[in-house]
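Close look at the chain arrangement
Single-letter residue listing:
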Protein chains: 2
Amino acid sequence: MGFREDVKKIKALTDENRLAIMLALQHGEKCGCDLLEELNITQPTLSHHMKILADSGLVDYYKEGKWMHYSISAKGVQEFREMIGSYARCDCETDESVSCGCKDKK
Amino acid sequence: MGFREDVKKIKALTDENRLAIMLALQHGEKCGCDLLEELNITQPTLSHHMKILADSGLVDYYKEGKWMHYSISAKGVQEFREMIGSYARCDCETDESVSCGCKDKK
DNA sequence: TTGATACATTGAAATATATCTATGTTTAAG
DNA sequence: CTTAAACATAGATATATTTCAATGTATCAA
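Notes on the structure in this doc start here. Source: prediction; values computed, not measured. (Residues numbered from 1 in each chain as written. Chains lettered and ligands numbered in written order. Predicted model: local features only at pLDDT ≥ 70, side-chain atom pairs only at ≥ 80, totals over all residues. Heavy atoms only, no water.)

1. Re the sheet that holds strand β1 (residues 30-31) of chain B
All names here are of chain B. Pairing in this open sheet of 3 strands is antiparallel, and the strands run β1-β3-β2 from one edge to the other. Each edge of the open sheet is held by one strand with a lone partner, namely β1 and β2 (59-64). Bridge count for β1 against strand β3 (residues 67-72) is 2 bridges, and the pairing is antiparallel. Across the sheet, residue C31 finds its bridge partner in β3, namely H69. (Pairing = 2+ DSSP bridges. Helix = DSSP H or I, 4+ residues; strand = E, 2+ residues; numbered from the N terminus.)

2. Comments concerning helix α5 (residues 74-87) of chain B
Taking 1.5 Å per residue as the helical rise, α5(B) with its 14 residues ought to reach 20 Å, and the 21 Å between its terminal C-alpha atoms agrees with that figure. If you check which residues of α5(B) are buried, you get B:A74, B:G76, B:V77, B:F80, B:M83, B:I84, B:G85 and B:Y87. Where α5(B) is buried, its residues meet α2 (16-24) and α5 (74-87) of chain A together with α1 (3-11) and β3 of chain B. (Expected span 1.5 Å × (residues − 1). Buried < 20%, exposed > 50% of the residue type's maximum accessible area, 1.4 Å probe, protein only. Contact = heavy atoms within 4.5 Å.)

3. Section: the packing of α2(A) against helix α4 (residues 43-56) of chain A
Each pair of packed helices can be described by the angle between their axes along with the distance between the axes. All names here are of chain A. Packing of α2 against α4 brings their axes to within 10 Å, and their N-to-C directions diverge by 70°. Put simply, α2 runs roughly perpendicular to α4. Residues N17, R18, I21 and M22 of α2 pack against L46, H49, M50, I52 and L53 of α4. (Axes fitted to C-alpha atoms, helices over the stretch in contact; angles between N-to-C directions. Parallel < 35°, antiparallel > 145°, perpendicular 65-115°, else oblique.)

4. Description of the protein's contact with DNA strand C
Not every one of the 24 residues close to DNA strand C is listed here, only the nearest: A:T45, A:H49, B:C33, B:Q43 and B:S47. A share of 70% is what sugar and phosphate atoms reach among the atoms of DNA strand C within 4 Å of the protein. Separating a phosphate oxygen of DNA strand C from a side-chain N or O atom of A:T42 is a distance of 3.0 Å. Between a phosphate oxygen of DNA strand C and a side-chain N or O atom of A:H49, the distance comes to 2.4 Å. (Near = heavy atom within 4 Å. Polar contact = N/O pair within 3.5 Å; in protein donor to acceptor, adjacent residues only side chain to side chain.)

Pasting the structure below:
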């Protein structure tokens, strides 16, 4: 099973700075220097985090002159949420034959 | 902001064994000894992982005699997915005024 | 009470991660 | 060609995480 790849993608969101970056990109594209001003971290640390977010597919980017432009990847986000859903789900919702007791807790 | 707590919850799913456990619980409640037979890990390691999953709220449990019974928490899963959605999302979907370019990539 | 089963806790070792300083690369302006 | 800005890479350090062996606790059966 491809757990390793999924773990790698989920780890993209297990850092406070990377969560802050996701929120910072929520309203549109930004360059690294913009992000640097919002996050109390050094430039190499930002570079490290952006590489992880880009590798995960959650963030798109392109280079323009000296600037790296980052943005949320709608496709990456959708795939990410579907992947999360494959683990964080409850079959009770759709399958009457299972008996994990979820319905009792609603 | 409460990034720290969210990071802690997301970390619940950043381990191959814990993902395997979530799948193993997908079709209903199981005890620790059942899970032990499916996962090539020792009992203390399973205990460690179950504590993390339980703390995250994704997994419910109750003790019955010698056995610990574990199951997916429908409520926990729903809250988890909503939390993930607050970071892994794209405002383009619902807000025409933003310009992160998501639409172009669909 | 004794022994066995299920599970938790402790402590140690190996590995992974986040962060910084220092330095390198690329681009553009003067 | 120089310089400065934006970003990447390398190396070091501190911290976190995973895992296991050893041990402790609780429950139940004989």
